[in-house]
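# Breakdown of the fold
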Amino acid sequence: MNVSIGSRVVGDGHPAYLIAEIGLNHNGDVDIAKRLIDVAADAGAQAVKFQKRDPEISTPEHMRDVPRETPWGTMSYLEYRYRVEFDRDQYIEIGDHATLRGLDWFASPWDVPSVAFLEDINVVAHKVASASVTDHQLLRSLAETGKPIILSTGMSTIEQIDSAVDTLGTENLVLMHATSTYPLPAEEANLRMIQTLRDRFIGVPVGYSGHEPGLQISLAAAALGATAIERHITLDRTMWGSDHAASLEPEGLRHLIRDVRIIEEALGDGVKRVFPGELAPQAKLRRVTV
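Okay, so let's go over this structure. Since the model is a prediction, treat every value here as computed from it, not as a measurement.

Scoring rules and cut-offs
- Residues numbered from 1 in each chain as written.
- Predicted model: local features only at pLDDT ≥ 70, side-chain atom pairs only at ≥ 80, totals over all residues.
- Heavy atoms only, no water.
- Helix = DSSP H or I, 4+ residues; strand = E, 2+ residues; numbered from the N terminus.
- Buried < 20%, exposed > 50% of the residue type's maximum accessible area, 1.4 Å probe, protein only.
- Contact = heavy atoms within 4.5 Å.
- Lys, Arg positive; Asp, Glu negative; His and termini not counted.
- Charge placed at Lys NZ, Arg CZ, Asp CG, Glu CD.
- Arc of directions from axis to C-beta.
- Salt bridge = Lys/Arg side-chain N within 4 Å of Asp/Glu carboxyl O.
- Phe/Tyr/Trp six-rings, centres within 6.5 Å; stacked < 30°, edge-to-face > 60°.
- Lys NZ or Arg CZ within 6 Å of the ring centre and 35° of its normal.

## Quick notes on the overall build of the chain
From N to C terminus, the chain includes eleven helices and twelve strands. Viewed in the frame of its principal axes, the chain has a C-alpha envelope of about 80 × 40 × 40 Å. Looking at the chain as a whole, 49% of its 290 residues qualify as buried. Long-range contacts, defined here as pairs at least 24 residues apart, represent 65% of the contacts in the chain between residues at least 6 apart. With 28 positive and 41 negative side-chain charges, the chain shows a spacing of 9 Å between the two charge centroids.

## Focus on helix α6 (residues 136-143)
Turning to α6, its buried residues number three or more, namely L138, L139, S141 and L142. Around the axis of α6, the buried residues are gathered within 160° of arc, so they sit on the same side. Taken together, the buried residues of α6 touch β7 (104-109), α5 (112-120), β8 (126-128), β9 (149-152) and α7 (158-168).

## Brief notes about the pattern of salt bridges
Inspection of the entire model under this criterion finds 15 salt bridges. With a closest N to O distance of 2.8 Å, R101 and D42 form a salt bridge. In this pair, R101 sits in the loop between α4 (88-100) and β7 while D42 sits in helix α1 (residues 30-43), placing the two residues 59 residues apart along the sequence. Taking relative accessible area as the criterion, R101 reaches 32% and is therefore assigned partly exposed. When its relative accessible area of 55% is taken as the criterion, D42 is described as exposed. In this structure, K147 and E119 form a salt bridge, with 2.9 Å as the shortest nitrogen-oxygen distance. Of this pair, K147 sits in the loop between α6 and β9 while E119 sits in helix α5; the two residues are 28 residues apart in sequence, bridging distant segments of the chain. Overall, the relative accessible area of 18% leaves K147 in the buried class. One network of salt bridges, with partners in common, ties together D38, D42 and R101.

## Description of helix α8 (residues 193-200)
Within the span of α8, buried status applies to M193, I194, L197 and R198. Considered in projection along α8, the buried side chains sweep an arc of 145° and stay on one side of the axis. Considering only its buried residues, α8 is in contact with α7, β10 (173-178), β11 (206-210) and α9 (216-223).

## Things to note about the packing of aromatic side chains
Within the structure shown, the criterion is met by seven aromatic pairs. Measuring from ring centre to ring centre gives 5.7 Å for Y80 and W240, while their planes differ by 85°; the resulting arrangement is edge-to-face. Here the residue Y80 occupies a position in helix α3 (residues 77-83), and W240 occupies one in the loop between β12 (228-232) and α10 (250-267), the gap between them amounting to 160 residues. For Y80, a relative accessible area of 4% corresponds to the buried category. Classification of W240 as partly exposed rests on a relative accessible area of 27%. Three or more aromatic residues link up through ring pairs in this structure, and these residues are F50, F86, Y91, W105 and F117. Over the aromatic face of F117 sits the side chain of K52, whose NZ or CZ is 4.5 Å from the ring centroid.

The structure is reproduced here in structure tokens:
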């Protein structure tokens, strides 16, 4: 089955839905967020994704008072979480910018109030972060929206994924194979899980969310038929913040999208035929004709 997100269709037989994950790589700065949206649009992505939290709810108790060195000075981890969150007006500003650039935009809500926040500003879909696979209260809240749901499956057992899918339902669901190691080493990529998920959840589109350095693993996922591909993006991998080092810079994103589209074209339809480009070599080289 296919899933419609905005004006695009995600599923077999359609071009891979390419999501540029901005996450918190905007560092709480609307101008940086807009520049990253421009990077995604210029590279040919279909969507940008953010993260939305109510820090009071979603910050683990043991982390709240941990000191954090930031560009704004030393502060508690909870204070830092508040510092990088966008408010409603800021989300409307960056959302409008994404829409004007022809991109779908949505976010990963990390708590139930954030679902309501995102619904209020009418996102086209919701993303479930790998960390939230076992948060069934959040999953039920997302299912009630009726919006398309993209579910990442990192740091989860197959039983936990089964339970999450049971809670969300398979209608309007896209599964994303993921391994939540930052940055991701090749030996933990386990790309054959794309087919495993496809076989286990018949008809549900399966994509790939990657955190690896470089492009090779994401391109292999495209060759294995991933219906959506998500990668973190940054203006510069040396910027301050926890996700920049595992992100693609603008040139890397452009190369990824270019190469995914070439791979999709090269995969063809699996029907053997003699192509027009083969006719001249055939006439020149084949001695015995039938």
